[in-house]
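# Observations on the model geometry
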Amino acid sequence: MNDPTAGLATAVAEAGGTDVRTEATIPPTVHVAPQSWADALAAAAQAGAVLLDFLTAVDDDPAGVGLIAHVTSVDARAHLLVRTTLPTERAEVATITGSHPAAGWYERETAEMFDVVFVGSPDPRPLLLPAGAPAALRKQTVLVARQVVPWPGAADPADRGGNPSRRRTSPPGVVDGWASPQPRPGQDPTT
C-alpha cells in the first residue's frame, strides 16, 4: 500500500534542494534550507497539501530562528511539517502566499512576533502590535511589563544566601541597568 504522507515528504524533499533532512516523526518533518522554503511549500501544494493550518517561528538562539509550517492534504489524509532555520540577525525568507494564500495572516503575525521578514509578502503591515514595536517573542527582547509592575523578587530568599529584601532583585527578562519602575499610587517608593 502506498503511504500518502511519505509521498508528500518525498515531493517536498526533492524541491528542497541539497540541504534537506527528513525526520520520521509524527507528522513527518522535512528540514529545508531557507532559500528553498517557498519552493518546498509550493511542491507540497502541487502534491495536494493545499491546506496550510499552521505557520510560526521559534527563537532557537543561538542556532537562529526556526520557521515551521504544517501542511495537509485533505484528500489523501496526509500531513507534513516543513522547517527551516533562519539566521538570528537577518531572519529573512520568501513568502509562501503564492502557493498557500492563507499564509498571509500567519506571516504577518510571525513577522511582528519574531522579526522575520517575508520577502514579497502582499501585506506586510503589523497584525497585532503597533508599528515599530520590538519582536515580542524573541529572547533578546526586554520584557517592559516587568519594569512597570514591581517584582516581588526571587521565589526563595534562601536561594540567594541569607535573607535580603526580596524587592531588591531584578525581575526575570529585565536587562541590568534599566531604570527602576515608578512606584504605584499609594506605594512607598523606598520599598
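As a reminder, the structure under discussion sits directly above these lines.
Because the structure is a prediction, the values reported are computed rather than measured.

Quick look at the sheet that holds strand β2 (residues 29-31) now. An order of β1-β2-β5-β4-β3 is seen for the five strands of this open sheet, with the pairing classed as mixed. Strand pairing shows two members of the sheet lacking a second neighbour, β1 (21-23) and β3 (51-59), which therefore form its edges. For this sheet the average axis-to-axis angle between neighbouring strands, irrespective of direction, equals 20 degrees. Examined bridge by bridge, β1 and β2 share three bridges and lie antiparallel to one another. Along β2, the bridge assignment pairs glutamate 23 with threonine 29. Relative to the sheet, helix α2 (residues 37-46) contacts β3, β4 (65-73) and β5 (78-86), its axis offset from that of β4 by approximately 15 degrees.

A few words on the packing of aromatic side chains. Enumeration according to the criterion identifies zero aromatic pairs in this entry. A cation over a ring is seen here: arginine 108 above tryptophan 105, with NZ or CZ 5.1 Å from the ring centre.

In this section: the layout of surface pockets. Here the second largest pocket is characterised by a volume of approximately 160 Å³. For the lining of the second largest pocket, the class distribution of residues is eight nonpolar, one polar and four charged.

Further remarks concern the pattern of salt bridges. Under the counting rule described, the total for this entry stands at four salt bridges. Between arginine 108 and aspartate 123 there is a salt bridge whose closest N-O contact spans 3.1 Å. Pair noted here: arginine 108 is in helix α3 (residues 103-114) and aspartate 123 is in the loop between β7 (117-119) and α4 (144-148), with a separation of 15 residues, a long-range link. On the basis of relative accessible area, arginine 108 is assigned to the buried category, the value being 10%. Put simply, aspartate 123 and arginine 125 hold a salt bridge, and the shortest N to O gap is 2.8 Å. Classification of aspartate 123 as partly exposed rests on a relative accessible area of 23%. One network of salt bridges, in which partners are shared, links Arg108, Asp123 and Arg125.

In this structure, Trp37, Leu67, Leu80, Val82 and Val116 are the most contacted members of the largest nonpolar core, which totals 30 residues. Of all the secondary-structure elements, those providing two or more residues to this core are α1 (4-15), α2, β3, β4, β5 and α3. Once residues within four sequence positions are removed from consideration, tryptophan 37 is found in contact with Val32, Leu55, Leu67, Ile68, Ala69, Val82, Arg83, Thr84, Val93, Ala94 and Ile96.

Pairing of β2 with β5, which is carried by three bridges, proceeds in the parallel orientation. Note on β5: the bridge partner recorded for valine 30 is valine 82. Alignment of β4 against β5, held across nine bridges, turns out to be antiparallel. Bridging from a neighbouring strand, glycine 66 pairs with threonine 85 of β5. Once β4 ends, the chain turns through four residues before running back antiparallel as β5, passing arginine 77 with a positive phi of about 55 degrees.

Conventions used here
Residues numbered from 1 in each chain as written. Predicted model: local features only at pLDDT ≥ 70, side-chain atom pairs only at ≥ 80, totals over all residues. Heavy atoms only, no water. Pairing = 2+ DSSP bridges. Helix = DSSP H or I, 4+ residues; strand = E, 2+ residues; numbered from the N terminus. Axes fitted to C-alpha atoms, helices over the stretch in contact; angles between N-to-C directions. Contact = heavy atoms within 4.5 Å. Phe/Tyr/Trp six-rings, centres within 6.5 Å; stacked < 30°, edge-to-face > 60°. Lys NZ or Arg CZ within 6 Å of the ring centre and 35° of its normal. 1 Å grid on protein atoms, 1.4 Å probe; cavity = no way out; pocket = protein on both sides within 12 Å on 5 of 7 lines; lining within 4 Å. Points joined across faces, edges and corners; volume = space filled by probe spheres on them. Nonpolar A, V, L, I, M, F, W, Y, C, P; charged D, E, K, R; others polar. Salt bridge = Lys/Arg side-chain N within 4 Å of Asp/Glu carboxyl O. Buried < 20%, exposed > 50% of the residue type's maximum accessible area, 1.4 Å probe, protein only. Core = buried A, V, L, I, M, F, W, Y, C linked by side-chain atoms within 4.5 Å.

Read these as geometric descriptors, not functional statements.
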